[in-house]
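Okay, here's what each chain looks like letter by letter:
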Amino acid sequence: MNSILSGLVEDHAVIHDAFLVLRRFLQSLETENQLSVETIIDLLDDFQVFIEDLHFAKEESLLFPWLTDRGVKDRAGPLSSMMVQHIQVRGLLHNLIDSLVEGKEKTAVVSQAEKFMTCLSDHIRDEEETLFPLADGLMGDTDGDDLAASFEQFSRDLANSSSLARFSRRVEEMKSS
């Protein structure tokens, strides 16, 4: 698989690690060794930045237009499906954060978290099974060079983003503890 797409798959691995932490939080709601709600809200705020400002932004501003330029339909095709899923994931994450901030009942928080994780997991599967192989097939030896340069510039522009670096580091620490 192309290095550009491999980078997006690496983002998916970070997301799956964050799910492990979120599931641990949900399980801790039943015990006295509960992770603090404030800690999870802070983590989810960083998760939101990671998803929206890094992962989805790379796809929506770089990959999707590149695919459209190569004839992939942006309406009634895989790209429109991905965009709808991005909107759904954003809404579900916002709802989850709101349910925690508002101190909703434990069952409501768990329900919001499960909906969010299921939707994002399904989206990741769709990307890895459908969209990324399609993109990989369209990338010739040099055809993806312009996209690779755009991804590199995007990464450089975000390299100093403290919340993005903090998110990956915090997920790893919380996953291990």
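Residues numbered from 1 in each chain as written. Predicted model: local features only at pLDDT ≥ 70, side-chain atom pairs only at ≥ 80, totals over all residues. Heavy atoms only, no water.

Here we come to the pattern of salt bridges. Throughout the structure, instances matching the rule amount to 10 salt bridges. Lysine 175 serves as the salt-bridge partner of aspartate 17, at 3.4 Å between the closest nitrogen and oxygen. Taken together, the residues aspartate 17 in helix α1 (residues 3–28) and lysine 175 in helix α6 (residues 162–176) connect sequence positions 158 residues apart. Lysine 175 gets classed as partly exposed once you look at its relative accessible area, which sits at 32%. Notably, a salt bridge pairs arginine 170 with aspartate 42, separated by 2.9 Å at the nearest N-O pair. (Salt bridge = Lys/Arg side-chain N within 4 Å of Asp/Glu carboxyl O. Helix = DSSP H or I, 4+ residues; strand = E, 2+ residues; numbered from the N terminus. Buried < 20%, exposed > 50% of the residue type's maximum accessible area, 1.4 Å probe, protein only.)

Looking now at the packing of aromatic side chains. Given two aromatic rings, one states the distance between the centres and the angle between the planes to describe the pair. Applying the stated criterion to the full structure yields 3 aromatic pairs. With a centroid separation of 6.3 Å and 65° between ring planes, the pair formed by phenylalanine 19 and phenylalanine 47 is classed as edge-to-face. With phenylalanine 19 in helix α1 and phenylalanine 47 in helix α2 (residues 37–69), the pair connects residues that are 28 residues apart, well separated along the chain. Here the two residues phenylalanine 19 and phenylalanine 47 agree in accessibility, since each one is buried. Seen from their ring centres, phenylalanine 47 and phenylalanine 116 are 5.6 Å apart, and the 80° between their planes marks the pair as edge-to-face. Separated by 69 residues along the polypeptide, phenylalanine 47 in helix α2 and phenylalanine 116 in helix α4 (residues 106–138) bring together distant segments of the chain. Each member of the aromatic cluster is reached from another via a ring pair, and the members are Phe19, Phe47 and Phe116. (Phe/Tyr/Trp six-rings, centres within 6.5 Å; stacked < 30°, edge-to-face > 60°.)

Another point: unusual backbone geometry. Peptide bonds are, in most cases, trans, and in most cases residues other than glycine have a negative phi. Positive phi, normally seen in glycine, also occurs at alanine 76, with a value near 55°. Relative to the helices and strands, alanine 76 resides in the loop between α2 and α3 (78–101).

As a further point, take the side chain of histidine 86. The topology assignment puts histidine 86 in helix α3. According to the relative accessible area criterion, histidine 86 is buried, its value standing at 0%. Not counting chain neighbours up to four residues away, the residues in contact with histidine 86 comprise Phe56, Glu59, Glu60, Phe64, His123 and Glu127. (Contact = heavy atoms within 4.5 Å.)

This paragraph deals with the packing of α2 against α3. The N-to-C vectors of α2 and α3 enclose an angle of 170°; their axes lie 11 Å apart at closest approach. Considering the angle they form, α2 stands roughly antiparallel to α3. For the crossing formed where α2 meets α3, the hand is left-handed. Within the contact of α2 with α3, the residues separate by chemical class into 18 nonpolar, 4 polar and 5 charged. (Axes fitted to C-alpha atoms, helices over the stretch in contact; angles between N-to-C directions. Parallel < 35°, antiparallel > 145°, perpendicular 65-115°, else oblique. Left-handed = near helix turned anticlockwise from the far one by under 90°. Nonpolar A, V, L, I, M, F, W, Y, C, P; charged D, E, K, R; others polar.)

Moving on, we get to the side chain of histidine 123. Considering the arrangement of structural elements, one finds histidine 123 in helix α4. Under the relative-accessibility criterion, histidine 123 is labelled buried at 1%. For histidine 123, the side chain forms a polar contact with the side chain of glutamine 85, separated by 2.5 Å. Ignoring sequence-local partners within four residues, the contact set of histidine 123 consists of Phe56, Glu59, Met82, Gln85 and His86. (Polar contact = N/O pair within 3.5 Å; in protein donor to acceptor, adjacent residues only side chain to side chain.)

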